There are 2 protein chains.
Amino acid sequence: MSTEAKTFTYIGTRPIRHDGADKVTGRANYGADINLPGMLHGAIVRSPHAHARIVSIDTAEAAKMEGVKAVITGDDLPETSAKLAMGEGALDLHDIGDNLIAHKKALYHGHAVAAVAATSLEIAREAAARVRVEYEVLPPVLTIDQAISPDATILHPEMVTRGRGVAPSGPTNVASRMELRRGEPDRGFAEADVVVEREFHTPMVHQGYIEPHACVARWGQDGRAVVWTTTQGPFVVRDGSAAILGIDAAMIKVIPTEIGGGFGGKITVYLEPLALVLSRKANRPVKMVMTRDEVFRATGPTSGTKVRVKIGAKSDGTLVAATASLWYEGGAYPGAPSGAGAMCCLACYRIPNFLIEANDVVVNKPKVAAYRAPGSPMAAFATESVIDEIARTLGMDPIELRLKNAVVEGDAAPYGPKYGPIGLQAVLEAARRHPHWQSPIASNRGRGFACGFWFNAGMNSSATVTLDSDGSAAVFTGNPDIGGTRAAQALMVAEELGVPVERVRPTVADTDAAGYTDVTGGSRVCYATGMAVIEAARDVREQLRARAAKIWNTDVSNVAWEAGRLVPLNGAGDKTPLTLVEVAAKASATGGPIVGRASLNVAAAGPAFSAHICDLEVDKETGRSTVVRYTAVQDVGRAVHPSFVEGQMQGGAAQGIGWALNEEYVFDAAGAMENAGFLDYRMPVASDLPMIDTVIVEVANPIHPYGVRGVGEVPIVPPLATVANAMRDATGVRFTELPLSPPRVLAGLMAAGD
Amino acid sequence: MSTEAKTFTYIGTRPIRHDGADKVTGRANYGADINLPGMLHGAIVRSPHAHARIVSIDTAEAAKMEGVKAVITGDDLPETSAKLAMGEGALDLHDIGDNLIAHKKALYHGHAVAAVAATSLEIAREAAARVRVEYEVLPPVLTIDQAISPDATILHPEMVTRGRGVAPSGPTNVASRMELRRGEPDRGFAEADVVVEREFHTPMVHQGYIEPHACVARWGQDGRAVVWTTTQGPFVVRDGSAAILGIDAAMIKVIPTEIGGGFGGKITVYLEPLALVLSRKANRPVKMVMTRDEVFRATGPTSGTKVRVKIGAKSDGTLVAATASLWYEGGAYPGAPSGAGAMCCLACYRIPNFLIEANDVVVNKPKVAAYRAPGSPMAAFATESVIDEIARTLGMDPIELRLKNAVVEGDAAPYGPKYGPIGLQAVLEAARRHPHWQSPIASNRGRGFACGFWFNAGMNSSATVTLDSDGSAAVFTGNPDIGGTRAAQALMVAEELGVPVERVRPTVADTDAAGYTDVTGGSRVCYATGMAVIEAARDVREQLRARAAKIWNTDVSNVAWEAGRLVPLNGAGDKTPLTLVEVAAKASATGGPIVGRASLNVAAAGPAFSAHICDLEVDKETGRSTVVRYTAVQDVGRAVHPSFVEGQMQGGAAQGIGWALNEEYVFDAAGAMENAGFLDYRMPVASDLPMIDTVIVEVANPIHPYGVRGVGEVPIVPPLATVANAMRDATGVRFTELPLSPPRVLAGLMAAGD
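Here the structure is a predicted model, which means the values were calculated and not measured.

The rules behind the values
- Residues numbered from 1 in each chain as written.
- Chains lettered and ligands numbered in written order.
- Predicted model: local features only at pLDDT ≥ 70, side-chain atom pairs only at ≥ 80, totals over all residues.
- Heavy atoms only, no water.
- Salt bridge = Lys/Arg side-chain N within 4 Å of Asp/Glu carboxyl O.
- Helix = DSSP H or I, 4+ residues; strand = E, 2+ residues; numbered from the N terminus.
- Buried < 20%, exposed > 50% of the residue type's maximum accessible area, 1.4 Å probe, protein only.
- Domains from an automatic or database assignment.
- Contact = heavy atoms within 4.5 Å.
- Buried area = accessible area lost by both parts, 1.4 Å probe.
- Polar contact = N/O pair within 3.5 Å; in protein donor to acceptor, adjacent residues only side chain to side chain.
- Nonpolar A, V, L, I, M, F, W, Y, C, P; charged D, E, K, R; others polar.
- Pairing = 2+ DSSP bridges.
- Axes fitted to C-alpha atoms, helices over the stretch in contact; angles between N-to-C directions.

## Overview of the pattern of salt bridges
Two side chains bearing opposite charge may form a pair once their charged atoms approach each other closely.
Then step 1. For the structure on display, the rule yields 105 salt bridges over all chains.
Then step 2. Residue E258(A) pairs with K23(A) through a salt bridge whose shortest N-O separation is 3.1 Å. Taken together, the residues E258(A) in the loop between strand 13 (252–256) and helix 8 (272–282) and K23(A) in helix 1 (residues 20–24) connect sequence positions 235 residues apart.
Then step 3. Its relative accessible area of 15% is what places E258(A) among the buried residues.
Then step 4. K266(B) is the partner of E211(B) in a salt bridge, and the nearest nitrogen-oxygen pair spans 3.2 Å.

## Observations concerning the domain arrangement of chain A
Residue and element names in this part refer to chain A.
Then step 1. As assigned here, chain A comprises domain 1 (20–26 + 458–602), domain 2 (34–138 + 211–260 + 266–298) and domain 3 (305–456 + 605–751).
Then step 2. Inter-centroid distance (C-alpha atoms) of domain 2 to domain 3 is 36 Å.
Then step 3. Contact with domain 2, which involves 17 residues of that partner, is made by 18 residues of domain 3.
Then step 4. Each partner contributes to the roughly 1400 Å² buried at the junction of domain 2 and domain 3, and carbon and sulfur atoms together form 62% of this total.
Then step 5. Our count for the contact surface shared by domain 2 and domain 3 stands at zero salt bridges.
Then step 6. The interface formed by domain 2 and domain 3 holds six residue pairs in polar contact (both at pLDDT 80 or more) in total.
Then step 7. Contributions of two or more residues to the side of domain 2 that touches domain 3 are made by helix 3 (93–100) and helix 9 (292–298).
Then step 8. Top element by residues in the side of domain 2 that touches domain 3 is helix 9. It accounts for five residues.
Then step 9. Considered class by class, the residues forming the side of domain 2 that touches domain 3 number eight nonpolar, four polar and five charged.

## A few points about unusual backbone geometry
Residue and element names in this part refer to chain A.
Then step 1. Along the chain, L738 connects to P739 via a cis peptide bond; the corresponding omega equals -5°.
Then step 2. Topologically, P739 is positioned in the loop between helix 19 (719–731) and helix 20 (742–751).
Then step 3. Phi at F263 takes a positive value of approximately 55°, unusual for a residue other than glycine.
Then step 4. Residue placement: F263 occurs in the loop between strand 13 and helix 8.
Then step 5. You will see that N456, though not glycine, has its phi angle at about 70°, which is positive.

## A word on the sheet that holds strand 25 (residues 594–602) of chain A
All names here are of chain A.
Then step 1. The strand order across the open sheet formed by four strands is 21-20-19-25, and the pairing between neighbours is mixed. With one partner strand each, in any of the chains shown, strand 21 (504–508) and strand 25 form the two edges of the open sheet. Within the sheet, the average angular offset between the axes of one strand and its neighbour, ignoring direction, is 15°.
Then step 2. Across five bridges, strand 19 (residues 459–467) lies against strand 20 (residues 473–477) in antiparallel orientation. Across the sheet, V465 pairs through a bridge with V475, a residue of strand 20.
Then step 3. The sheet strands contacting helix 15 (residues 485–497) are strand 19, strand 20 and strand 21, and the helix crosses strand 21 at an angle near 140°.

## Side note on the side chain of K306(B)
Residue and element names in this part refer to chain B.
Then step 1. Residue placement: K306 occurs in strand 15 (residues 305–313).
Then step 2. Judged by relative accessible area, K306 falls into the buried class, the value being 14%.
Then step 3. Setting aside residues no more than four positions away along its own chain, K306 makes contact with I144, D145, E199, F200, H201, S325, L326 and W327.

## Things to note about the sheet that holds strand 28 (residues 693–697) of chain A
All names here are of chain A.
Then step 1. Read across the open sheet, the four strands follow the order 18-26-27-28; overall the sheet is mixed. Lying at the two open borders of the sheet, with one neighbouring strand each, are strand 18 (445–454) and strand 28. Here the average twist between neighbouring strands, direction ignored, is 15°.
Then step 2. Relative to strand 28, strand 27 (residues 625–635) runs parallel, the two sharing five bridges. Residue A632 lies in a different strand from strand 28, and its bridge partner there is T694.

Below is the structure:
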C-alpha cells in the first residue's frame, strides 16, 4: 500500500525492543524506584474544597512532629510571571506554579496547599493531616454553562478573554476565544439540501497512565540539584522547575526514569518543584509519589466539552457549509485544547463555507493537561456524528459520503496551510475494502464508522550516534521512551549504517548529556527525533567515507557508501571495498573515534488521518454494550517498527472506546470528585475489548527521509464518534452525550420508547 | 614564567570543582555505593600458596549452602587468546583472564581460584571458605635473581623471551628484553674523567588508592549486561570483559562510578568479569567489593626492580657515556614497565654514548599494573643517584651539573624522536632560583635534588558540548574524573564560549553515551580529552556564527566570533553584535538545538619534566627520617586549574616520598605477603609530611591549543632519588636500596661506622 518504491533492510521489521527484557522482568526503574541514602518522603496537604480562599495555614503542629524535616506552603514558592518556550507556544508558569501549590485560593478539590517531608511516608502523611488550613469557602463553578452565565462566580478576578481579534473583556471565566472562517456559511446553508445540527457533551476524562507521578529531588549544598522523575519532558521539568523557583536552570540536572505511560499528562510539573524546595529546606533527598486518588484529583485530565455542530450538504452528498461552536473546560486555569479542537473539527473535509468558534473556559476542576491529540476527539465526536446523520438522511454509504468530501493534497486545511501528500482517501478506501466493513451485521448489533485528523508535531530534537571500533553503535536522544522509540531509533541507525539492530544500543539521556530536545509528545519522537537520529547516522557515514579515503590515501570524493560498505570510485578504483566493520576497526589509526550528531528544529510535520470501524452489541434490557469487533485504519507514512505502530493504533482505539463507553469524572454538588480510583473510574481492561484489528496505510510524508508520520495520537480521535455511530446503528437512538454507559443508554432507549 | 603571550579569561583560574560539594558531603556514589534490588554479594576463594598446581576444586559443599546462588571456577571463564587494543599497545587478555581467576596454576598468594555469590556477604564468605581446593605446591620464585638463575623454577613453561632483535628462547622467566643504544659506550667511558657505577634495588609497592575495587554487574535475560564499577577505563572494562567472556561488547554497558583514586591500578579488570559470570549464573545482580587485604595481595602494584647504572663524565661535568641494566618484576605474568623505565632513565640528559637494556621478569607475586609514570621512578632513582654522586665527586653544584647536560628542544630523546619545546632547563633554573634551594641547611639535615621525565600520552578521546537556550552549556566525555578533570573541562568550555564556568555542567558519561575514549591515565585527560572538549566547543562557536548569519540573513563569512559575541563584518556591518546568550535563545527558531562534538586520536604529547628539592632530618640513633621541607617544580605547559595542578604535584611527591622512605611489599619465604594492610604497609599520612611547595613552570606545548602538557605522572618520578640524595647529604651514606626505613638506615649508618 506504499506510495514509494523505496526498499528498506531494517525499517519495517519487528525486532524485540532493546528495553523489553528489563521491563518485563522488573529490572527497569520507574519514578518510584529511585532510592537515595537519607531520603525523605513527601506528602501533600490538599484542599477539601473545590473553591475557597485560603485564610491561613498553621504548620506548627506538623513541623514539631518527630521525623518531620520540612513543611512548605505557597509562601515557599512565590508566584512567578515567567513563561517557558515550548515548541511554537509557551507554558504559563504562573498558572503551573499556582497549580502545584495554591497561593491565595484553592481552585479545585485536591489543589495542593502545603507539603511535608519526613523520614517515613507514614509520618509525612500524619504531619500533612496536622497542617491546619483555614478556608473561606466560595461557590464552585462546575459546568461550562455555570461558568459563562452572566452572574457566574469568577475564578480569577483579573482574567479577561483573549484571542486574535478579540477585544479583551472581563471579568470572565472565558480565558480565550478563537475563530476560523472560510466563505459565507449562511449562503452555504442556503444552498444545502439537508442540514443537521446537534449539540454534544463529553465529560472530563483522565489519561489513566498506569504509573503515578513520582520523583526524587536532591538539592546540594552548592545549589546544584538533581531530579529523577517520570516525565515526558525532562527539559520542561528542568526549565519549568528552575523558572518557578527563580533559580538558574543550569544548576538542575533532570534524569528521566522509565515512564509508565503519559499520553500528554506527564509533560508539565506537579511534584518536582515541591520536592526541590522540600529538599533544599531539609537538606536531604526527597521522594514524592502520588496516590491514584491524587493522580485523578490533582493532575491534568482533558476537558469536558460542549460542542455544537451544524453541517449542510447537497443531496448528492457534497458538503457546502458548516458551523461549529466549541466550549472546552480548562479546569482551574486556562489551557483547554479548544483551539486545537477548532482546527481539527472540519479538517477531514473540503467545505467551502464555515465558521468555527472555540472557547477556553475555567471551572473549579483540575487544570487540564494534554491528552493524546488534545481537543480533537471531542470535536470529531460532534462532526463525525453529524456526518453520520447526514449519510443516514441522504441514504448514502458513510464511507462514500466521506470519500466524496475527503481532503486531498493541495486542499487548504481549515486552519490555513495547504495539505501536502496526505492519506485520508487511501485510508477511507482501505476501510471500505476491509473484510470488517464488507461483512454482514448481526441483527442485535450496530456498526459505526468515523474518521479523524491530527496535525502531528516536529519541534526540537538532538541525537548522537557513536560507532565503536567493533562496528557496533549506540544512539542517544533526550526523549523518554514511551512507545518503543528506542527500538525505532536503533532501527534507523541499523538502516543507515547496516549495523545489525541488536548491536545498536539506544539510550535515553539526561538533560546534561542530551542536546536540547522537546517533549516526548505530539507524535514527534519517531518522526522528528528520528530525523535527527538519521542525520546523526549519516554524519557517521560521512566520517566513514573520510576514514576510508584516508586509508586509501585518496580524496573523499572517490569513496562511495553502498549498503554498509565503503566503495572506491574513480582514481581509487583499484582499491578493495571496505566494510563498515573494517573501517570502524581502524578508527583510532585514522583520526580517532567516530561520533555523529544532529540537532534539528523540525518546523513541519505530515498530518495523520485514521478511520475506525466498530461493531457494537447492545443489551437493550440493561443498556450495557459490548464492542464485538473493531478495526483501525491509519496512514502512518512509513511504519518503522510495525508492531509498535499497531500497538499505538490499538492503544488509541482502546482509550477512545473507554472514553466513549464508560469513563467520566463524576463530581458531587460541592465539586468533589466521587470516583477518584480505578474501581469507580471505569477504564476498559483487556477482557472488555476484542482484539483490535489494524490496517497500516503508508502514504509517504515527503518531509521525512523515510516518509514517516507521527502515529501515536490520531488513533484516539475517531473512537468516540465511531462507537456512538455504532450505538445509533444498533439502537436507532442518536446519543449526543458521553459516556454511553449503561444507565445513559438505558435512559436513552426508554426515552425513545424502545 | 609563561613562554607564550596568550591571555586567558577562565584558564588559570581556580573555581570550586563542580563535583566538589557532592564529594565532601558524601553524596557522590563510588563503586561500593551501588545497590540494586535482589542484589547478591560475591566473595572470592584465593590461593594460600604463591605457586601451586590446582589439582581439583570441589564446590559442592559451598553450592548447597542456603543463600548461595552461584559458584564459579576457572572453568566458567575459559582461557582466551584475545588481545585488546589500547592506545599504541594491546592488553593480553589471556593473562588478564588467567589473573582474575586461575585456570591451571595459582601463581601468587591471593590468586583467585573460585568465586561465590550469595544473598549476604557473610554467607558468600562462609561459602568461599567451604570451597575445597587441592593444590600441588610448587617452589615459589620470589626475586629477580631467583627468577633468572640458570636452575630457576619456571612459572610459565611455554614462555620465551621476546623483544625486538631478540631471538626467542626459553623456557625462561624473562618475558621480554629491549635495548636502546647510541654511539659507542666503551669509547665514551674511555674519555671520561670520572665514572660512577652502582646497583639499585626497589621493592614492589602499591598505589594505595583509598577506594578498593568494587563493582555491581547485572546480566539480563536478553543477554544485555550493565556493569557499574570504579574504573579508570570504562571502555577497557566493557571490551576486556566481553573478550574474556567471549561475548559481544555491544551487549555490555559500563557505567563508571566516582573513583577514589587509581594511579594506573584501576585500568584493567579484576572483579567485573567474575561478577558478570556470577550474575549470569544466578540471574541476579552481583556486587563485589575487595577488602584492603585483597587489594594488596591480588591487584597490581608496581614492579620491584634491580637497576645497575654506570655514568661517565668529563671533569667539567659533561656526561660522555652511560650504561643501564634494568630488571623489573612483572609479577606472575609479563607486563613490567621495564621498557618505559629504559626509555626514561636517561631522558633528561644529552649523553652521546649509551647502552640501555631492560628485562621484564615474572615472579610469584601479584601481576603488576600501571602506577603513575610506570617504570620511570625506579629508573630515575638509579640515574639521579649516580648523577648526584658524580656532582659530589666533581665538587659541582648538582643543578649546575644537570643544567650543563639538560636536554633542550631539538635534542634526540634516548628512545628516538627529537624533543620539541620542553621545559627541563626552565625547571632547573626555577629550582635554582627557589628560596628553598637558596636557603642554608641546618647541620643535622641533608638536602637532596633530582629531576625526572615522563612521556605523557595522547590517545583517543571524544567530547560533546551542548549549548542551552539560556546560554548555559554542558560538556561530557568518557573519562572518569580522578584529578578534577570535570572542572578543567568546564574551564575550557567557559574559555571557548565565554559562558561562566559555574554555568557549564561537566559530566562523566557511560560507554553507551560517550564516544570511544581511552583510559583516564597517561596524564592524558586534561590534555587530549581537553583538546576534544576545546574542539567541540569551537564546533559550537561555528554553529553560533551560522545562526547569527541566519538571523542577519547574511553569509557566515560575514560573522566573526569575538569574546563571547557574534560580530557582523563586511556586508553585515550595519547589524548590532549579538551575545552568545542572545543567539542561544534563538536556537530553536534558527534551526534547532546547538550541540558540538569532537573525536580525536592525539598521537603525540608534550613531554613533562620536573625537579624536586628535599630537606631531610635524620635521627641517627633510630634511623628515622623526617621530610622537613619539600619543593616540587614542574613544567606543566599551561595550568588549566592551577589548584589541581599543584595537587597533582603534591600528590605525586607524597607518593614518591612514601616509596622512598617506608613502603614495600614484605613477603615470607613461602611468598605470602606479610603486611597486606594499611597498619603494616606504611604509607605517608598528612602528619608525616610538610606542606609541599610547588612551582608551576609553563613552557607551552605547541601541540595543544592552550599549550597544556600532562601533569599527573611526572611528579612521582624525582622523589625516590631526591630523598635518597638528601639522605646521602644528611648521613654521608649512599643508600642504593629502598625503602629508607629506620631499620635499613640504621643498619647502613652502623655499617658505615657512624
